[in-house]
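Each chain, written out:
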Amino acid sequence: MTTSITPGFVLSDEELELLPTGEEVAEYERTGYYLTRKLFTDAEVDELVAASERFYAGERSRELPARPARLAYWKPEDGPVQRHHDYIHYESDDIARILRKPIVGAVAARLARAEEIRVFQSTLIYKPPIAGEPSNVVPWHFDRHYWQSCTSDDMLTAFIPFHDCGVDMGTITMVEGSHRWSEIGADDSTTRHFADRDNDDLEAMLTRNAAHNGVEVRKVPMVIPKGHMSFHHCRTYHGSGPNVSARPRRAISFHLQPGANEYRAYRLSTGDVVQYNHDVLVRRTPDGRPDYADPEFCPVLWRNAQP
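Please read all numbers here as calculations on a predicted model, not as lab measurements.

Chemist: Looking at this structure, I do not really get the overall build of the protein. What am I missing?
Modeler: When you go through the protein residue by residue, the secondary structure sums to seven helices and 13 strands. In summary, the protein has a C-alpha radius of gyration of 19 Å against a globular reference of 19 Å for 307 residues, a match within 12%. The dimensions of the protein, computed from C-alpha atoms along their principal axes, are 55 × 50 × 45 Å. Residue burial in the protein is summarised as follows: out of 307 residues, 54% are buried.

The following block contains the structure:
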């Protein structure tokens, strides 16, 4: 037996039980993060591993029609560093089929209190089991800084590990309540990806903003069982530590946008307009802007879910 919330977007009775409760949504709004129930079966997670291995071996369902300037795309010659591959939902149909499971979009819609959720970006991540590898440490940052070309302040990210994921593997770690802070020290540099910034500067920025808001920094590692995932608000500071385990940390960072999100021209102090990778890929709106609702790159995951 299934229950349809709107035609084409259907959850089973069992899946409806997996949605966050009203109390859990309120807790997400307070803390800036949420740990889900088990949304993927073990078989689905195992297929993500197998599909990612086929991807690393060269299998592609299709390739991007252009190579954006800031595309994260590990190559074998880059060596045993942390691997990132953007647009995995576009280049691998096997991975996209699992990521686009309706329950994922329905949970995001409930948390964001949105009637529609679309894909914004997805990144396949492989953190090698090398304790001292510098690229394995992700410094403190929040995603909204890199999404200044977006109108929405309610975007969110699902972190989806392909296994049980704890502190020893360098799991994602949240700074509780930081999405509600007022910000100081923001300048043109904050629009750059954390990989292009100094880790010490990012640590200092976190400390300054906490002090400005009169709060202590509370770092919460997300211990995520297989088949579960975490969500965090686009303004929640987060990062991750080294992988000191004996196996790689495999995951996808799945960035999502409410249906109301659109492109806006965001100008730096120089007058230059910030560009996101989508801007050279997606179709144009009637008024000539990049269309962040382009179904080829930003498909709808859920529509008209009850907020």
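Chemist: Even after reading the chapter, I still don't get the packing of aromatic side chains, so can you show me in this structure?
Modeler: The relative placement of two aromatic rings is captured by the distance of their centres and the angle of their planes. A full pass over the atoms with the stated rule returns 13 aromatic pairs. Aromatic rings pair up to connect Phe 55, Tyr 56, Tyr 73, Trp 74 and Tyr 126 into one cluster. Taking NZ or CZ as reference, Arg 62 lies 5.5 Å from the ring centre of Tyr 90, over its face.

Chemist: Quick question: what am I supposed to make of helix H7 (residues 199-212) here?
Modeler: It helps to recall that an α-helix has 3.6 residues per turn; residues three or four apart then point in one direction. Look at H7: 20 Å from first C-alpha to last across 14 residues, which is about the 20 Å you get at 1.5 Å a residue. For H7, every residue scored as buried is listed here: Leu 202, Met 205, Leu 206, Asn 209 and Ala 210. One side of H7 carries all its buried residues, which in axial view fall inside an arc of 130 degrees. For H7, the exposed residues lying more than 90 degrees away from the buried face are Asp 200 and Ala 211. After H7 finishes, the residue Gly 214 shows a positive phi value of roughly 70 degrees.

Chemist: It is not clear to me how the pairing of strand E7 (residues 156-161) should be interpreted in this structure. Could you clarify?
Modeler: Each regular strand shows side chains that alternate between the opposite faces of the sheet. Within E7, six of the six residues are buried, leaving the element largely enclosed by the surrounding structure. Here E7 shows no split at all, with Leu 156, Ala 158 and Ile 160 on one side and Thr 157, Phe 159 and Pro 161 on the other all buried. Alignment of E7 against strand E10 (residues 230-233), held across four bridges, turns out to be antiparallel. In the strand pairing of E10, Ala 158 is matched with Phe 231. The pairing of E7 with strand E12 (residues 249-258) spans six bridges and is antiparallel.

Chemist: Sorry if this is basic, but what is going on with the confidence of the model for the protein here?
Modeler: The predicted coordinates ought not to be read in detail in places where the model reports low pLDDT. Looking at the protein, the pLDDT average stands at 92 and 92% of residues meet or exceed 70. Throughout residues 1-7 the model reports pLDDT below 50, and contacts reaching past four residues in sequence, or to other chains, amount to 20 contacts.

Chemist: Would you mind going over helix H2 (residues 22-31) with me for this structure?
Modeler: Inspection of H2 places Val 25, Tyr 28 and Thr 31 among the buried residues, and these make up the whole buried set. In an axial view of H2, the angular spread of the buried residues amounts to 135 degrees, which keeps them on one side of the axis. Turned more than 90 degrees off the buried face of H2, the exposed positions are Gly 22 and Glu 23. Those residues of H2 that are buried lie in contact with strand E3 (33-35), helix H6 (102-112), E7, strand E8 (172-175) and E10. Positive phi appears at Gly 32, one or two residues downstream of H2, with a value of about 95 degrees.

Chemist: Can you help me understand the environment of Gly 177 in this one?
Modeler: When you line up the elements, Gly 177 lands in the loop between E8 and H7. On a C-alpha basis, the gap between Gly 177 and Glu 133 in space is 30 Å, while along the polypeptide they are 44 residues apart. When near neighbours in sequence (up to four residues on either side) are disregarded, Gly 177 contacts Arg 30 and Thr 31.

Chemist: Before we go on, may I ask you to explain the side chain of His 85 in this structure?
Modeler: Of note, His 85 is situated in strand E4 (residues 83-86). A distance of 2.9 Å separates a polar side-chain atom of His 85 from the backbone oxygen of Trp 74. Not counting the four nearest positions on each side in its chain, His 85 is found in contact with Phe 55, Tyr 56, Ala 72, Tyr 73, Trp 74, Ser 122, Thr 123 and Leu 124.

Chemist: How should the nonpolar core be read in this particular structure?
Modeler: Side chains of nonpolar character tend, in soluble globular proteins, to be buried together. If you look at the biggest cluster of nonpolar residues, it comprises 51 residues, and the most contacted ones within it are Ile 117, Leu 156, Phe 231 and Phe 254. The leading source of residues in this core is H6, at eight residues. Discounting residues that sit within four places of it in the chain, Leu 156 has contacts with Tyr 28, Ala 108, Leu 111, Ala 112, Ile 117, Phe 231, His 232, His 233, Cys 234, Phe 254, His 255 and Leu 256.

Chemist: Explain the sheet that holds E8 to me, please; I cannot follow it from the model alone.
Modeler: Pairing between sheet strands relies on hydrogen bonds along the backbone, with the strands arranged either parallel or antiparallel. Read from one edge of the open sheet, four strands run E6-E11-E8-E9, paired in antiparallel fashion. A single partner strand is all that each edge strand has here, and the edge strands are strand E6 (138-141) and strand E9 (219-221). Pairs of neighbouring strands in the sheet enclose a mean axial angle of 25 degrees, with direction left out of account. The pairing of E8 with E9 spans three bridges and is classified as antiparallel.

Chemist: What am I meant to see in the pattern of salt bridges here?
Modeler: Any two side chains of opposite charge can pair if their charged atoms end up close together. Per the counting criterion, the structure on display carries 22 salt bridges. The salt bridge involving Arg 30 is made with Glu 27; its shortest N-O contact spans 2.8 Å. Of this pair, Arg 30 and Glu 27 both sit in helix H2, separated by three residues, roughly a single helical turn. Classification of Glu 27 by relative accessible area gives partly exposed; the value is 37%. In this structure, Arg 283 and Asp 291 form a salt bridge, with 2.7 Å as the shortest nitrogen-oxygen distance. Relative accessible area serves as the criterion here: at 44%, Arg 283 is assigned to the partly exposed category.

What counts as what
- Residues numbered from 1 in each chain as written.
- Predicted model: local features only at pLDDT ≥ 70, side-chain atom pairs only at ≥ 80, totals over all residues.
- Heavy atoms only, no water.
- Helix = DSSP H or I, 4+ residues; strand = E, 2+ residues; numbered from the N terminus.
- Rg over C-alpha atoms; globule rule 2.2 N^0.38 Å.
- Buried < 20%, exposed > 50% of the residue type's maximum accessible area, 1.4 Å probe, protein only.
- Phe/Tyr/Trp six-rings, centres within 6.5 Å; stacked < 30°, edge-to-face > 60°.
- Lys NZ or Arg CZ within 6 Å of the ring centre and 35° of its normal.
- Expected span 1.5 Å × (residues − 1).
- Arc of directions from axis to C-beta.
- Pairing = 2+ DSSP bridges.
- pLDDT = per-residue confidence, 0-100.
- Contact = heavy atoms within 4.5 Å.
- Polar contact = N/O pair within 3.5 Å; in protein donor to acceptor, adjacent residues only side chain to side chain.
- Core = buried A, V, L, I, M, F, W, Y, C linked by side-chain atoms within 4.5 Å.
- Axes fitted to C-alpha atoms, helices over the stretch in contact; angles between N-to-C directions.
- Salt bridge = Lys/Arg side-chain N within 4 Å of Asp/Glu carboxyl O.

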